[in-house]
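Single-letter residue listing:
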Amino acid sequence: TNRISGGKFSLKIFDGDSAIHELERLHFYYLLETERVKTDIFFLTNRGWYYVHFTGDTVPFRPGNPPFYPRKVGEFEPLVDGEWHSVTLDLFNIFANFMAKEEFEGLRIKKVFWAYGSYGYTDAGLTGNFKGDHYYLDDIFFSSAQGDAFKVAWKDSQGTLEEE
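For clarity, every value in this text was computed on a predicted model and none was experimentally measured.

(A) Geometry of the side chain of Asp 40. Checked against the element boundaries, Asp 40 lands in strand S3 (residues 40–45). For Asp 40, which is buried and forms no salt bridge, the nearest opposite charge comes from Lys 72, at a distance of 8.3 Å. A polar contact is formed between the side chain of Asp 40 and the backbone nitrogen of Thr 55, at a distance of 3.4 Å. Filtering out sequence-adjacent residues up to four positions away, Asp 40 remains in contact with Tyr 51, Val 52, His 53, Phe 54, Thr 55, Gly 56, Phe 113, Trp 114 and Ala 115.

Set out below in structure tokens:
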């Protein structure tokens, strides 16, 4: 983020190539202390970009956006009270209910991000969140009906892998 104005902060939580049935549900805990934090959950798929609205702008994508123009597949109303809350997003049904059957078949998730999305001609990464604003995420993992779980692993600035 920009050290003066805050800027945008993002977190990549998945980088791979998995069928939607392998990443059916996204589980996480979050803590928000202010309504000023702007972030949404973005998905890069083999069908393009999509997002679930979390705390970002109500209408983040306006004319002049890059060509990928993410499509909103859902909305989540977070609690902003300084307490931890548990969430499970049913990604399989979110996408199945949004897409036509032929578009949904063969859907693959390639990347998942928490990020602030507001794209326009003057976007230089300097807007979005105020200096000192933050949000907390914990125990992020994906699961499927088969019970397989993909846990998120962290790398520190030196590249040391840390898993919980």
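So that's the structure; there's more coming.
(B) Up close: the sheet that holds strand S7 (residues 108–115). Taken together, the five strands give an open sheet; going across it, the order is S1-S7-S3-S4-S5, and neighbouring strands pair in mixed fashion. Whereas interior strands pair on both sides, the edge strands pair on one side only; in this sheet they are strand S1 (11–19) and strand S5 (71–75). On average, each strand axis in the sheet is inclined to that of its neighbour by 20 degrees, with strand direction left out of account. Pairing between S3 and strand S4 (residues 48–53): five bridges, direction antiparallel. Note that in S4 the partner of Leu 44 across the bridge is Trp 49. In this fold helix H1 (residues 91–98) packs onto S3, S4, S5 and S7, with an angle of close to 130 degrees to the strand it touches most, S5.

(C) The arrangement of a nonpolar patch on the surface in detail. There is a patch of nonpolar side chains on the surface, built from Tyr 29, Trp 84 and Tyr 136 and spanning about 310 Å² of accessible area. Counting through the fold element by element, Tyr 136 comes out in strand S8 (residues 135–143). Its relative accessible area of 36% is what places Tyr 136 among the partly exposed residues.

(D) Seen up close, the packing of aromatic side chains. The final tally for this structure, using the stated rule, is 14 aromatic pairs. Where Phe 28 meets Tyr 30, the ring centres are 6.3 Å apart and the plane angle is 50 degrees; that geometry is what we call tilted. Taking the centre distance of 6.2 Å and the plane angle of 70 degrees together, the rings of Phe 28 and Phe 54 count as edge-to-face. Of this pair, Phe 28 sits in strand S2 (residues 25–32) while Phe 54 sits in the loop between S4 and S5; the two residues are 26 residues apart in sequence, bridging distant segments of the chain. Both residues of the pair, Phe 28 and Phe 54, belong to the buried class. One aromatic cluster in this structure is built from Phe 28, Tyr 30, Phe 54, Phe 76 and Trp 114.

(E) Up close: the environment of Ala 115. Within the secondary structure layout, Ala 115 lies in strand S7. By relative accessible area, which is 12% here, Ala 115 ends up buried. The spacing of Ala 115 and Thr 39 is 76 residues in sequence and 4.9 Å in space, taken between C-alpha atoms.

Thresholds, definitions, all that
Positions within a chain are numbered from 1, following the residues in the order the chain's sequence is written. Selection of residues for local features in this predicted model requires a pLDDT of at least 70, selection of side-chain atom pairs for listing and counting requires 80 or more, and totals for whole chains, interfaces and linings are taken over all residues. Computation of side-chain values: all heavy atoms of the structure, hydrogens and water removed. Secondary structure counts use DSSP, requiring at least four H or I residues in a row for a helix and at least two E residues in a row for a strand, with both numbered from the N terminus. For each residue, the accessible area found with a 1.4 Å probe, counting protein chains only, is set against the maximum for its type, and the residue is called buried under 20%, exposed over 50%, and partly exposed in between. Note that His is not counted, nor are the chain ends; the positive residues are Lys and Arg, and the negative ones are Asp and Glu. The term salt bridge refers to a pairing of a side-chain nitrogen on Lys or Arg with a carboxyl oxygen on Asp or Glu at a separation within 4 Å. Pairing of N or O atoms within 3.5 Å defines a polar contact, subject to two protein rules: one partner must be a possible hydrogen donor and the other a possible acceptor, and residues neighboring in sequence count only if both atoms are side-chain atoms. Throughout, a contact is declared for two residues whenever any of their heavy atoms are within 4.5 Å. The criterion for strand pairing is that DSSP finds at least two bridges linking the strands in question. Axes, fitted as lines to C-alpha atoms, cover a helix only where it is in contact. Angles between the N-to-C directions of the axes lie from 0 to 180 degrees. Patches draw on residues past 30% relative accessible area with no salt bridge. Two like charges within 9 Å are joined, as are two nonpolar side chains (Val, Leu, Ile, Met, Phe, Trp, Tyr) within 5 Å. Calculation of accessible area relied on Shrake-Rupley with a 1.4 Å probe; when residues are assessed, cover is drawn exclusively from the protein chains displayed. Think of it this way: a Phe, Tyr or Trp ring, Trp meaning its six-membered ring, pairs with another when their centres are within 6.5 Å, and the plane angle makes it stacked under 30 degrees, edge-to-face over 60, tilted otherwise.

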